[in-house]
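Reading the structure
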Amino acid sequence: MIRNLRHLSIDVALGASSMMGLVAAFLEVKIDAIYYFLLFLITWLIYTTDHLMDARNIPHEANTPRHRFHQKYYKPILTAAIIGFFIFIVLIPRDIGEDLLRYALVLSGLVLLYFLSLIWARRTQFRYVLKELFIALCYTVGVSLVPVFLAWPVHYFAWLLLFRIFMLALSNLFLFSMFEIHPDVKDKHPSAIKFLGINMLNGILHVVLPMQALGSFVLMYTMENWQYPLLILIMNSILMLLFYFPKPFKKNEWYRVLGDGIFLVPGIYFLLEKVIELIL
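Residues numbered from 1 in each chain as written. Predicted model: local features only at pLDDT ≥ 70, side-chain atom pairs only at ≥ 80, totals over all residues. Heavy atoms only, no water.

Digging into the nonpolar core
Keep this limit in mind: Nonpolar cores are built from buried Ala, Val, Leu, Ile, Met, Phe, Trp, Tyr and Cys residues. Side-chain atoms within 4.5 Å join them into one set. Relative accessible area decides the class of each residue, using a 1.4 Å probe on protein chains only: under 20% of the type maximum gives buried, over 50% gives exposed, and in between gives partly exposed. Counting from the N terminus, the helices are DSSP H or I runs at least four residues long and the strands are E runs at least two residues long. Note on contacts: a residue pair qualifies if any of its non-hydrogen atoms lie within 4.5 Å across the two residues.
In terms of nonpolar packing, the biggest core is built from 72 residues, with Met 19, Leu 27, Tyr 35, Val 143, Ile 165 and Met 235 touching the most fellow members. Looking at which element gives the most residues to this core, the answer is helix H8 (residues 156–179), with 15 residues. Among all residues touching Leu 27, those that are not within four sequence positions of it are Pro 147, Val 148, Ala 151, Val 154 and Ala 158.

Thoughts on the packing of helix H12 (residues 227–244) against helix H14 (residues 265–279)
Just so we agree on the cut-off: The axes used here are C-alpha line fits, helices contributing only the stretch in contact, and every angle between their N-to-C directions lies in the interval 0 to 180 degrees. In these notes the angle categories are as follows: under 35 degrees is roughly parallel, over 145 is roughly antiparallel, 65 to 115 is roughly perpendicular, and the rest is oblique. Left-handed describes a crossing whose near helix is turned anticlockwise from the far helix by less than a right angle; the clockwise case is right-handed. Gly is put with the polar residues, along with every residue not named as nonpolar or charged; the nonpolar set is Ala, Val, Leu, Ile, Met, Phe, Trp, Tyr, Cys and Pro, and the charged set is Asp, Glu, Lys and Arg.
It is at 10 Å that the axes of H12 and H14 come closest, and there the two elements cross at 130°. Relative to H14, H12 is oriented oblique. For the pair H12 and H14, the crossing hand works out as right-handed. Across from Gln 227, Tyr 228, Leu 231, Ile 234 and Met 235 in H12, the residues of H14 making contact are Val 265, Pro 266, Tyr 269 and Phe 270. In terms of residue class, the contact of H12 with H14 is made up of eight nonpolar, one polar and no charged.

Quick word on unusual backbone geometry
Residue Pro 153 is bonded to the preceding Trp 152 through a cis peptide linkage, with omega at 0°. In this structure, Pro 153 sits in the loop between helix H7 (131–151) and H8. Phi is positive for Ser 9, close to 65°, though the residue is something other than glycine. You can see Ser 9 is positioned in the loop between helix H1 (2–7) and helix H2 (10–27). Residues other than glycine seldom take positive phi values, yet Glu 28 does so here, at roughly 60°. In this structure, Glu 28 sits in the loop between H2 and helix H3 (33–57).

Re a nonpolar patch on the surface
Put simply, the test is: Any residue with relative accessible area above 30% and no salt bridge may belong to a patch, with like charges joined within 9 Å and the nonpolar Val, Leu, Ile, Met, Phe, Trp and Tyr side chains within 5 Å. Methods summary: accessible areas were calculated by the Shrake-Rupley approach with a probe of 1.4 Å, and residue burial reflects only the protein chains presented. When a carboxyl oxygen of Asp or Glu lies within 4 Å of a side-chain nitrogen of Lys or Arg, that pair is called a salt bridge.
Taken together, Ile 268, Leu 271, Leu 272, Val 275, Ile 276, Ile 279 and Leu 280 make up a surface patch of nonpolar side chains, about 760 Å² in accessible area. Inspection of the secondary structure assignment puts Leu 280 in the segment after H14.

Examining the pattern of salt bridges
Applying the stated criterion to the full structure yields two salt bridges. With a shortest N-O distance of 2.9 Å, Arg 102 and Asp 99 are connected by a salt bridge. Of this pair, Arg 102 and Asp 99 both sit in helix H6 (residues 98–123), separated by three residues, roughly a single helical turn. The exposure class of Arg 102 is partly exposed, given its relative accessible area of 42%. Asp 99 sits in the partly exposed class, given a relative accessible area of 39%.

Remarks on the packing of aromatic side chains
Under the convention used in this document: Each Phe, Tyr or Trp ring, with Trp reduced to its six-membered ring, pairs with another whose centre is within 6.5 Å; inter-plane angles below 30 degrees give stacked pairs, above 60 give edge-to-face pairs, and intermediate values give tilted ones.
Using the criterion set out here, one finds 14 aromatic pairs in the structure. Arranged with centres 6.1 Å apart and planes meeting at 65°, the rings of Tyr 103 and Phe 149 form a pair that is edge-to-face. Remark: Phe 149 occurs in helix H7 and Tyr 103 occurs in helix H6; sequence separation between them is 46 residues. You can call Tyr 103 partly exposed: its relative accessible area is 43%. A relative accessible area of 29% means that Phe 149 is categorised as partly exposed. Each member of the aromatic cluster is reached from another via a ring pair, and the members are Tyr 114, Phe 115 and Phe 134.

Some thoughts on the packing of H12 against helix H13 (residues 254–261)
Taken N-terminus to C-terminus, the directions of H12 and H13 make an angle of 160°; their axes are 9 Å apart at the nearest point. Between H12 and H13, the interaxial angle falls into the category roughly antiparallel. Here H12 and H13 pass one another in a crossing that is left-handed. Within the contact between the two elements, H12 uses Ile 238, Leu 239 and Leu 242 and H13 uses Tyr 255, Leu 258 and Gly 259. Partitioning the contact of H12 with H13 into residue classes produces five nonpolar, one polar and no charged.

Below you can see the structure in the form of structure tokens.
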């Protein structure tokens with residue numbers, strides 16, 4: 001059951017809502033529950049569409065469990081995605097406001113550009129599209145759009161937080177690309193490995209992950225709300241664990257369980273905070 005939920009990217013969608021909670025708490029804004037659900041739903045739709053496109057373009061049995069699952073249940077998942085899209089449209093609040101709606105449409109255009117780039121990438125043998133960069137950018141804008149809009153104008157530390165989230169998402173995707181190098185090549189998926197090569201990707205992560213950790217330590221000692229960079233540090237540390245000690249996590253895709261699970265860390269923190277408040 002849990003494995004199927006992971007194949008359906010439910011954990012990724014929950015993680016997106018969790019990260020929006022992190023941004024909202026940092027900016028000290030309150031967001032209606034409907035926006036958390038809409039972010040969950042649109043994240044699930046984007047990832048599901050991506051996986052369905054991959055599954056459809058693989059002429060043989062896919063080499064990853066996630067894509068085999070989408071091949072096997074292609075029609076029911078596609079049906080659920082279509083229904084989910086109409087539910088998303090219906091649930092958009094009528095009082096969303098013209099400005100926020102305009103920014104949301106810009107984000108939608110960015111997502112559409114991402115999918116168009118994947119189609120083009122297949123026609124050019126994946127040489128000119130770094131899909132991980134697109135995904136990390138869309139993810140960061142998606143989890144921060146509503147909180148930043150409500151808190152505007154935002155201070156310098158907020159932009160640092162958003163940059164850290166972007167780098168976490170990008171590092172996470174680069175790491176997955178390294179773990180899945182062999183199935184990605186066999187199934188001809190566009191990935192960072194195809195664009196950058198294994199050596200450059202390895203070098204980038206060797207620099208970025210320690211720099212992220214160092215940056216978190218610095219922010220913990222320069223910010224009043226030290227718990228937020230601490231959460232980022234915990235998330236980054238899990239990625240470092242996967243990167244420097246990959247062997248134990250290859251079995252049963254544990255690297256994906258932990259890699260996608262890092263974005264649930266803020267949600268777990270806020271849940272524990274509420275429980276402690278109730279107890280005390």
